[in-house]
Amino acid sequence: MFELGERVADWWPWLLGWFLLSSLVAFVAHGRDKRAARLGRRRTPERTLHLLELVGGWPGALLAMTVFHHKTRKASYFLVTAVIVVAWIALAILVARPLFSPDA
């Protein structure tokens, strides 16, 4: 794990690209789901939206929830999203921690 953190500088551009792409996909998926809800059409399953958040699209999902006012009243949905965000932040801290240690 620490070895992984020490090599973050080598692959952070790829990680940033992944976050941007997955966030864009999550943002669009939330927007389409909101539109489907307004029009009474078939919706995107919550499991799919959460999967997009889990693979790294949580920033785009949070932005979409704010912009489209989508899924903001459903506590169970927001709780799962919050757990995903906290898990990603915890992972980032664990991976980046060696970069900021005095031994580095």
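Our structure is the block above this text.
A look at the overall build of the protein
Point 1. The helix and strand inventory of the protein stands at 4 helices and 0 strands.
Point 2. Starting at the N terminus and walking to the C terminus, you meet the elements of the protein as α-α-α-α.
Point 3. In the protein, buried positions account for 30% of the 104 residues.
Point 4. Put simply, 72% of the contacts in the protein that link residues at least 6 apart link residues at least 24 apart.
Point 5. Accessible area of the protein: about 7,400 Å², with a carbon and sulfur share of 68%.

Overview of the pattern of salt bridges
Point 1. On inspection of all chains with the given rule, the structure shows 3 salt bridges.
Point 2. Among the salt bridges present, the one from Lys 71 reaches Glu 46, with a minimum N-O distance of 3.0 Å. One end of the pair, Lys 71, is in the loop between helix H3 (46–67) and helix H4 (75–96); the other, Glu 46, is in helix H3, and 25 residues separate them in sequence.
Point 3. For Lys 71, a relative accessible area of 12% corresponds to the buried category.
Point 4. A relative accessible area of 24% places Glu 46 in the partly exposed class.

Structural notes on unusual backbone geometry
Point 1. At His 69, a position not held by glycine, the phi torsion is positive, near 50°.
Point 2. Mapping His 69 onto the fold places it in the loop between H3 and H4.

A closer look at the packing of H3 against H4
Point 1. Running from N to C, H3 and H4 cross one another at 80°; their axes reach a closest spacing of 10 Å. As far as their axial angle goes, H4 and H3 are roughly perpendicular. Here H3 contributes Glu 46, Leu 49, His 50, Glu 53, Leu 54, Val 55, Gly 56, Trp 58, Leu 62 and Met 65 to the contact with H4, which in turn contributes Tyr 77, Phe 78, Val 80, Thr 81, Ile 84, Val 85 and Trp 88.

Overview of the nonpolar core
Point 1. Core analysis: the biggest nonpolar cluster contains 7 residues, these being Ala 26, Ala 29, Leu 49, Leu 52, Ala 61, Met 65 and Tyr 77.
Point 2. Among the secondary structure elements, those contributing two or more residues to this core are helix H2 (8–39) and H3.
Point 3. Every residue in contact with Ala 29, bar those within four places of it in the chain, is listed here: Thr 44, Leu 49 and Leu 52.

So, the side chain of His 70
Point 1. Topologically, His 70 is positioned in the loop between H3 and H4.
Point 2. With a relative accessible area of 3%, His 70 lands in the buried category.
Point 3. Within the structure, His 70 has its side chain in polar contact with the side chain of Asp 33 (distance 2.7 Å).
Point 4. When sequence neighbours within four positions are dropped, the list of residues in contact with His 70 reads His 30, Asp 33, Lys 34, Arg 43, Ala 64 and Met 65.

The rules behind these values
Residues numbered from 1 in each chain as written. Predicted model: local features only at pLDDT ≥ 70, side-chain atom pairs only at ≥ 80, totals over all residues. Heavy atoms only, no water. Helix = DSSP H or I, 4+ residues; strand = E, 2+ residues; numbered from the N terminus. Buried < 20%, exposed > 50% of the residue type's maximum accessible area, 1.4 Å probe, protein only. Contact = heavy atoms within 4.5 Å. Areas by Shrake-Rupley, 256 points an atom, 1.4 Å probe, with all protein chains shown as cover. Salt bridge = Lys/Arg side-chain N within 4 Å of Asp/Glu carboxyl O. Axes fitted to C-alpha atoms, helices over the stretch in contact; angles between N-to-C directions. Parallel < 35°, antiparallel > 145°, perpendicular 65-115°, else oblique. Core = buried A, V, L, I, M, F, W, Y, C linked by side-chain atoms within 4.5 Å. Polar contact = N/O pair within 3.5 Å; in protein donor to acceptor, adjacent residues only side chain to side chain.

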